[in-house]
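# Close look at the chain arrangement
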Amino acid sequence: MTASHLECLVCGRTFGLEEVDYVCPDHGDEGILDAIYDYDRIANLTSRDSVEFESMWSYRALLPVGAEAAFPPLHVGGTPLYSAARLGGGLEQLWIKEEGVQPTGSLKDRASAMAIVKAEERQAEVVTTASTGNAAAALAGLAASVGQATVIFVPATAPEAKIAQLLAYGAEVLLVDGTYDDAVDLCLRAGAEFGWYNRTTGFNPYMSEGKKTVAHEIAHQLGWKAPDAVFVSVGDGCIIGGVWKGFHDLVQMGWISRMPRIFGVQSEGSNFLAEAWEQGEDVLTKPPVAVDTVADSIAAGLPRDRIKAMRAVTSTEGEYVTVSDEAILAAIPVVASTTGVFPEPAAAASWAGVDAARARGLIGSKDRVVVISTGTGLKDVPSAMRAVSRAGVKAHHVSTELESVAAALKEENK
Ligand SMILES: *Cc1c(COP(=O)(O)O)cnc(C)c1O
Ligand SMILES: [Zn+2]
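Each residue is numbered by its place in its chain's sequence as written, counting from 1. As a convention, the first chain written is A and the first ligand written is 1, with the rest following in written order. In keeping with the predicted nature of the model, local features appear solely for residues at pLDDT of at least 70, side-chain atom pairs appear and are counted solely at 80 or more, and the whole-chain, interface and lining totals rest on all residues. Side-chain descriptors were evaluated using all non-hydrogen atoms of the structure, hydrogens and water having been removed beforehand.

In terms of regular secondary structure, the protein chain is built from 14 helices and 13 strands. Values of the radius of gyration come from C-alpha atoms, whereas the globule rule sets the reference at 2.2 Å times the count of residues to the power 0.38. Radius of gyration (C-alpha) of the protein chain: 21 Å, near the 22 Å computed for a compact globule of 414 residues. Seen through its C-alpha atoms, the protein chain measures out along the principal axes to roughly 75 × 45 × 45 Å. Using a 1.4 Å probe on the protein chains alone, a residue whose accessible area is under 20% of its type maximum counts as buried, one over 50% counts as exposed, and one in between counts as partly exposed. Burial status across the protein chain gives 59% buried among its 414 residues. By definition in these notes, contact holds between two residues if any of their heavy atoms fall within 4.5 Å. Counting only contacts in the protein chain whose residues sit at least 6 apart along the sequence, the fraction spanning at least 24 positions is 71%. Secondary structure elements follow DSSP: runs of H or I of four or more residues count as helices, runs of E of two or more count as strands, with numbering from the N terminus.

Printed below as a string of structure tokens:
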């Protein structure tokens, strides 16, 4: 194990890896822990030239897993980084990291695969999580691959596709009559009561460690050169915290020479972190915000990983930007039709964020920019249909006669 200990991001107190599983006992749910590594030791074990680009476990020397760890069989990570020249936005060098091709369709698989390894280490009988949908689907899928039992808490309003995945994967599904934040509270209480291993984001310190492999991969795919800017959509802040950690690891190792600027993109209807950033508020005392957005995966009134999320942006001279639901929906067909990558609303939000940042002059046309597409559009078909209909894109009904094909195409070209 190259991770040496855990450190509370509130008080700096450190804990041995066996000492605590989740949060700092002095700070309760706010006491988010950060895994600390012995980078000198890692340098003795591996070098950047010896790492093959294959899966998230290619970077296992930088992960909190023991030498004996058994990895779940589903192939997680090793996702494509596509050049997105036609998406453009006035940017000369733009790439899109396609996380929709993960086994359950979102970046969350990186964290859930880690949760399965950790649960196995602890010989947990049940693994639980609260989720807006994708983390749950990821946990249920990864758990199914190894025969691990799960109990999942999701808001009853989660998109149907995500609930269908849970049920098909065989999870015990609890649809909570309340918000995502309510589901989290209930899951934390139930987990403690019944002794389940808890994957919940911003509570389990290892989830951002799994997610950080997306940054390892981006740097690897760019020939071990950091981009100038990375755009990430943000709900709880675990992904953006992981993106920071991944690049931070590589700088510490000397595998890349500097950090990219990290941009967090939030929905106007779920803007806790963006508001705290703009107003210089303390994220530990700021009350939750009301949430209303089409992008269910980034709807979080009280982002659970807010300390890591603020650090990611503050320490890299990045920014938080917000985008409207209209801009999020509009981005879906733009991204899909110019790159072939079909994003769900929360994933399209990161591209809408690039647009917003360009309009505000926050990035230049020569900047090398990576936008992370965090989940597939198949997760939320009703939103995709709304998006294309608002964009004026529609299908044509034709009869079985050839003439009606010509007529439809003529109408299309009018
Ligand atoms: C979870 C999720 C996000 C946001 O990640 P956080 O860690 O909650 O900030 C963005 N997009 C998709 C598709 C997600 O599933
Ligand atoms: Zn503490």
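Quick look at the sheet that holds strand β6 (residues 126-130) now. Spatial ordering of the open sheet is given by β8-β7-β6-β9, a layout of 4 strands whose pairing is parallel. Each edge of the open sheet is held by one strand with a lone partner, namely β8 (172-176) and β9 (197-198). Whether two strands pair comes down to DSSP finding at least two bridges between them. Relative to β9, β6 is paired through 2 bridges, and the arrangement is parallel. Residue Thr 128 lies in a different strand from β9, and its bridge partner there is Asn 198.

Inspection of the secondary structure puts Met 259 in the loop between α8 (238-253) and β11 (261-267). Residue Met 259 is classed as partly exposed on the basis of its relative accessible area, which comes to 24%. Sequence-wise, Met 259 and Glu 30 are 229 residues apart; in three dimensions their C-alpha atoms are separated by 27 Å. In this view, Met 259 contacts Trp 244, Phe 247, His 248, Val 251 and Thr 316; residues no more than four positions away in its chain are not counted.

This next bit is on the coordination of the zinc ion (ligand 2). Counted as coordinating are nitrogen, oxygen and sulfur atoms within 2.8 Å of the metal, or 3.2 Å for Na, K and Ca, while water is not included, which may make sites look incomplete. Coordination of the zinc ion (ligand 2) by the protein involves Cys 8 (SG), Cys 11 (SG), Cys 24 (SG) and His 27 (ND1), with metal-donor separations of 2.1 to 2.4 Å. For the zinc ion (ligand 2), all donor residues lie on one chain, and their spacing in sequence is C-x2-C-x12-C-x2-H. Placement of Cys 11 in the loop between β1 (3-8) and β2 (14-15) and of Cys 24 in the loop between β2 and β3 (33-37) is noted, with a sequence separation of 13 residues between them. In this structure Cys 11 comes out as partly exposed when scored by relative accessible area, which is 39%.

What follows concerns the site of ligand 1. A cutoff of 4 Å decides nearness: a residue is near a molecule or strand if any of its heavy atoms lies inside that distance of it. Around ligand 1, a shell composed of 16 residues is seen, among which Lys 108, Asn 134, Gly 235, Gly 237 and Thr 374 lie nearest. What qualifies as a polar contact is a pair of N or O atoms within 3.5 Å, subject to a donor-acceptor requirement within protein and to the restriction that residues adjacent in sequence count only when both atoms come from side chains. At 2.8 Å from an oxygen atom of ligand 1 is found a main-chain nitrogen or oxygen belonging to Gly 235. Between ligand 1 and the protein, one listed contact pairs an oxygen atom with a backbone N or O atom of Gly 237 at 2.7 Å. Computed by Shrake-Rupley with a 1.4 Å probe, the accessible areas treat only the displayed protein chains as cover when residues are assessed. Contact with the protein chains hides 98% of the accessible area of ligand 1, taken as 380 Å² for the molecule alone. Polar here means any residue outside two lists: the nonpolar Ala, Val, Leu, Ile, Met, Phe, Trp, Tyr, Cys and Pro, and the charged Asp, Glu, Lys and Arg; Gly therefore counts as polar. Each residue belonging to the shell around ligand 1 can be placed in one class, and the counts come to 5 nonpolar, 7 polar and 4 charged.

This part is about the pairing of strand β12 (residues 319-323). The buried count for β12 comes to 4 of 5 residues, which makes it a mostly enclosed element. Of the strand pairs in this sheet, β11 and β12 are connected by 5 bridges, and their pairing is parallel. In the strand pairing of β12, Phe 263 is matched with Glu 319.

Moving on, we get to helix α4 (residues 160-169). Within the sequence span of α4, burial applies to Lys 162, Ile 163, Gln 165 and Leu 166. The arc enclosing the buried residues of α4, seen along the axis, measures out at 155°, which places them on a common side. In α4, the exposed positions angled more than 90 degrees off the buried face are occupied by Glu 160, Leu 167 and Ala 168. For α4, the secondary structure elements touched by its buried residues are α3 (134-146), β7 (149-155) and β8. Looking at the residues trailing α4, positive phi occurs at Gly 170, about 90°. Directions drawn from the helix axis to the C-beta atoms are what define this arc.

This part covers the side chain of Arg 110. Note on placement: Arg 110 falls in helix α2 (residues 108-121). Judged by relative accessible area, Arg 110 falls into the buried class, the value being 0%. A polar contact of 2.7 Å, which involves the side chain of Arg 110, links it to the side chain of Glu 99.

Before going further, it helps to examine helix α12 (residues 345-359). Multiplying 1.5 Å by the helix residue count minus one yields the expected span of that helix. The terminal C-alpha atoms of α12, which comprises 15 residues, lie 21 Å apart, in line with the 21 Å expected from a rise of 1.5 Å per residue. Most of α12 is tucked away, with 12 of its 15 residues classed as buried. Downstream of α12 by one or two residues, Gly 361 has phi in the positive range, about 70°.

Any carboxyl oxygen of Asp or Glu that lies within 4 Å of a side-chain nitrogen of Lys or Arg is treated as forming a salt bridge with it. This model, assessed by the stated rule, comprises 22 salt bridges. The closest approach of N and O atoms between Glu 99 and Arg 110, which form a salt bridge, is 2.7 Å. Taken together, the residues span a long stretch of sequence, with Glu 99 in the loop between β5 (93-98) and α2 and Arg 110 in helix α2 at a distance of 11 residues. For Glu 281, the salt bridge is made with Lys 286, and the minimal N-O distance between the two is 3.0 Å. A relative accessible area of 29% places Glu 281 in the partly exposed class. If you follow the salt bridges from partner to partner, you end up with Asp 34, Glu 209, Lys 212, Lys 245, Asp 249 and Arg 311 in one network.

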